[in-house]
Amino acid sequence: MELKEALLRRRSGRKFTEEPVSEEMIGELLHAAMSGPSACNKTPWEFYVVTDPEKLEQIRGTTMFTKMKSPLAIVVCGNLSRALPMQLAEFWVQDCSAATENILLRVTDLGLGAVWCGIHPQKRSVAKLRESLDIRKRTITTRYPNAE
């Protein structure tokens, strides 16, 4: 598929089959994500690949926008220990957004469906997701690396 076609065909799907996504396709999606730009090449992202039905159910309870039932979730998180310093630290949001868009475009290219479910900056939802996936606090949504 040409890039222009992927850009124009990409849609937010909210109904998915129960068919598992192959390890090869998951690898393709992660490779696309990590091919995205990041400020000063800091790559302040982490990707949590979730296929466990129990964990997927917990993710569905995170917000009213994450109720879709799917066989896969790729949770894109900012790792502030790799972010730019001080006032530039917030560039992680753009970096993770670029990685997410690359995933969505590759999903389209592979003939799959996906939807972007933004959690940050909703503090309660971030806390629920962090707890569900056992993500350390420094990994998501503190304002600066040393902030509480």
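Here the residue index of a chain counts from 1 through its sequence in written order. Under the rules for a predicted model, residues below a pLDDT of 70 receive no local features and side-chain atom pairs below 80 are neither given nor counted, while totals for whole chains, interfaces and linings still include all residues. In computing side-chain properties, one takes all heavy atoms of the structure into account and sets aside hydrogens as well as water.

1. Remarks on the confidence of the model for the protein
Okay, step 1: Per-residue confidence from the predictor is reported as pLDDT, a score between 0 and 100. Per-residue pLDDT for the protein averages 90, and the proportion of residues at 70 or more is 92%.
Okay, step 2: Two residues qualify as a contact provided that any one of their heavy atoms is within 4.5 Å of a heavy atom in the partner residue. Considering only residues more than four positions removed or in separate chains, one finds that residues 139–148, a stretch of pLDDT under 50, has 27 contacts.

2. Let's talk about helix α4 (residues 91–109)
Okay, step 1: Helix numbering and strand numbering both begin at the N terminus, where a helix is a DSSP run of H or I of at least 4 residues and a strand a DSSP run of E of at least 2. Here the expected length of a helix is defined as 1.5 Å per residue gap, with one fewer gap than residues. Between the first and last C-alpha of α4 there are 27 Å, a value that for 19 residues agrees with the 27 Å anticipated at 1.5 Å per step.
Okay, step 2: Looking at the buried side of α4, the elements it contacts are α1 (3–9), α2 (23–34), β1 (45–50) and β2 (73–78).
Okay, step 3: Just downstream of α4, Gly111 is the residue with a positive phi angle, here 80°.

3. A word on the pattern of salt bridges
Okay, step 1: Salt bridges, as used here, are contacts in which a Lys or Arg side-chain nitrogen is within 4 Å of a carboxyl oxygen on Asp or Glu. The tally for this structure, following the rule as stated, stands at five salt bridges.
Okay, step 2: Notably, a salt bridge pairs Glu28 with Arg106, separated by 2.6 Å at the nearest N-O pair. Taken together, the residues span a long stretch of sequence, with Glu28 in helix α2 and Arg106 in helix α4 at a distance of 78 residues.
Okay, step 3: Between Arg106 and Asp109 there is a salt bridge, with its nearest N and O atoms 2.2 Å apart. One end of the pair, Arg106, and the other, Asp109, are both in helix α4, three residues apart, so they sit about a helical turn from each other.

4. Regarding the environment of Gly61
Okay, step 1: Along the chain, Gly61 falls in the loop between α3 (53–60) and β2.
Okay, step 2: Classification of Gly61 as partly exposed rests on a relative accessible area of 39%.
Okay, step 3: For Gly61 and Trp116, which are 55 residues apart along the polypeptide, the C-alpha to C-alpha distance reads 16 Å.
Okay, step 4: Those residues within four positions of Gly61 in sequence are excluded, and the remaining contacts are Lys67 and Lys128. To sort residues, take the accessible area from a 1.4 Å probe on protein chains only and compare it with the maximum for the residue type: under 20% means buried, over 50% means exposed, and anything in between is partly exposed.

5. Brief notes about the packing of α2 against α4
Okay, step 1: Interaxial angle, 0 to 180 degrees, is taken between N-to-C directions of lines fitted to C-alpha atoms, where a helix line uses only the stretch in contact. Contact pair α2 / α4: the axes reach a minimum separation of 7 Å and the direction vectors enclose 140°. As the angle between them shows, α2 and α4 are arranged oblique. Where α2 crosses over α4, the handedness of that crossing is right-handed. Every residue of α4 that contacts α2 at Glu28, Leu29, Ala32 and Ala33 is listed here: Ala99, Asn102, Ile103, Arg106 and Val107.
Okay, step 2: Split into classes, the residues belonging to the contact of α2 with α4 amount to six nonpolar, one polar and two charged. The cut-offs work like this: below 35 degrees is roughly parallel, past 145 is roughly antiparallel, 65 to 115 is roughly perpendicular, and the gaps in between are oblique. Crossings are assigned a handedness: left-handed for a near helix turned anticlockwise from the far helix by less than a right angle, right-handed for a clockwise turn. For this classification, the nonpolar set comprises Ala, Val, Leu, Ile, Met, Phe, Trp, Tyr, Cys and Pro, the charged set comprises Asp, Glu, Lys and Arg, and every other residue, Gly included, is treated as polar.

6. Digging into the state of the cysteines
Okay, step 1: Disulfides are defined as cysteine sulfur pairs within 2.5 Å. Under the criterion given, the structure shown has zero disulfides.
Okay, step 2: With no disulfide of its own, Cys40 has Cys96 as its nearest cysteine by sulfur position, at a separation of 15 Å.
Okay, step 3: Of the residues examined, Cys40 reaches a relative accessible area of 64% and is grouped as exposed.

7. Re helix α5 (residues 123–133)
Okay, step 1: Listed as buried for α5 are Ser125, Val126, Leu129, Arg130, Ser132 and Leu133. Along the long axis of α5, the arc covered by the buried residues comes to 165°, so they all point the same way. Exposed residues pointing more than 90 degrees away from the buried face of α5 are listed as Lys123, Arg124 and Glu131.
Okay, step 2: The inward-facing, buried residues of α5 contact β1, α3 and β2.
Okay, step 3: Of the residues one or two after α5, Asp134 is the one with positive phi, at around 55°. Our arc is simply the arc of the directions from the helix axis toward the C-beta atoms.

8. Things to note about the packing of α3 against α5
Okay, step 1: Interhelical geometry of α3 versus α5 gives an angle of 170° and a closest axis separation of 9 Å. Relative to α5, α3 is oriented roughly antiparallel. Note on element contacts: α5 touches α3 through Leu129, Ser132 and Leu133, opposite Lys55, Gln58 and Ile59.

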